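# Breakdown of the fold
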Amino acid sequence: LTPDAAAVALTPDAVAVCSTGLIGVPLPMDRITAGIALAAERLASDGGEDAAVAIKTTDSVHKTAVVSRSGWTVGGMAKGAGMLAPGLATMLVVLTTDAVADGPRLDTALRTAVRTTFDRVDSDGCMSTNDTVLLLASGASGVTPSDAELAEAVHAVCLDLARQLIADAEGASKEIEVAVVGAASEEDAVTVGRSVARNNLLKCALHGEDPNWGRVLSAIGTTDAAFDPDRLDVAINGVWVCRDGAAGEPREKADMSGRRITVTVDLRAGDASAEIWTNDLTAAYVHENSAYSS
């Protein structure tokens, strides 16, 4: 048996291992093995919050979410504050439910939820060498929800945790939602949203509370999405500062003083839409990632 499996009297194939750390640096297995034994001693039915605190790395706060339905619940915890981008990220998420559901149903519900939640978080466009999202079901409630009910509850928890991850992004002072509407396809909407979210010039402008819509347009222009440059509209916090690819309402109307900023892009090319969540680029972010390993 591996140390983690032995500590909880399970076989190794019943244990999922989540890991993060400096890339290329072997983990200190003597300390990890000792920690597994200590953690096993502290297992408790009410230990969820302790676990959420324990998995923090550069996180400033621990992240949990829960939704309760008719006789059953879905809850979860997450770790992550940097290298948050889809595909691979330094993000660890564990979801649990007491609903009755087999592996295939859980897999479908989780994949569907992740596609429009964790896969839409893009803090800095940087991908690490690992990420994990697990959904475990005990069946302890005895309740078997429908596929739609299970999917809705899992999505709600994933969305809550995804927003908490971006809110705690390293050094961030702004939580930014890029909402793309009027796209020819969802793929186009995601492509445009991600290009806008990853534009460092725009992220600097938003940090400085500068409604520089030209940087939004330039980011859109790097994509292969279908759009007419003379029909693009851009709003910042509800103020349409760009209409038909040119200046719209006065820039000074856009209030960017709060922590949350919404950038809305209307491609006027169809009916599809998507949202991407990101954060601003700050001196604190640069410091965090320049001194990360030292």
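Read on for an overview of the structure. (Residues numbered from 1 in each chain as written. Predicted model: local features only at pLDDT ≥ 70, side-chain atom pairs only at ≥ 80, totals over all residues. Heavy atoms only, no water.)

## Quick word on the sheet that holds strand S2 (residues 73-79)
Taken in spatial order, the four strands line up as S1-S2-S3-S4 in an open sheet, and their pairing is mixed. Two strands in the sheet have a free side with no partner beyond their single neighbour: strand S1 (63-68) and strand S4 (131-137). Neighbour to neighbour, the strand axes of the sheet diverge by 10° on average, direction disregarded. Sheet analysis places S1 next to S2, joined by six bridges and oriented antiparallel. Counterpart to Val67 in the pairing with S2 is Val74. (Pairing = 2+ DSSP bridges. Helix = DSSP H or I, 4+ residues; strand = E, 2+ residues; numbered from the N terminus. Axes fitted to C-alpha atoms, helices over the stretch in contact; angles between N-to-C directions.)

## Here we look at the packing of helix H4 (residues 103-115) against helix H5 (residues 147-167)
H5 packs onto H4 with a crossing angle of 45° between their chain directions and a minimal axis gap of 9 Å. Classified by the angle between their axes, H4 and H5 sit oblique to one another. Relative to H5, H4 is oriented so that their crossing is right-handed. Residue-level contacts link Arg105, Leu106, Ala109, Leu110 and Ala113 of H4 to Asp147, Leu150, Ala151, Val154, His155 and Cys158 of H5. Class assignment for the residues of the contact of H4 with H5 results in eight nonpolar, one polar and two charged. (Parallel < 35°, antiparallel > 145°, perpendicular 65-115°, else oblique. Left-handed = near helix turned anticlockwise from the far one by under 90°. Contact = heavy atoms within 4.5 Å. Nonpolar A, V, L, I, M, F, W, Y, C, P; charged D, E, K, R; others polar.)

## Topic: the sheet that holds strand S8 (residues 246-247)
What the six strands build is an open sheet, ordered S8-S7-S6-S9-S5-S10; its pairing is mixed. The sheet is open, and its two borders are formed by S8 and strand S10 (272-279), each paired with just one other strand. Pairing of strand S5 (residues 175-183) with strand S9 (residues 260-266) involves seven bridges; the strand directions are parallel. For Ile176, the partnering residue across the bridge sits in S9 and is Ile261. The sheet strands contacting helix H6 (residues 186-197) are S5, S9 and S10, and the helix crosses S10 at an angle near 20°.

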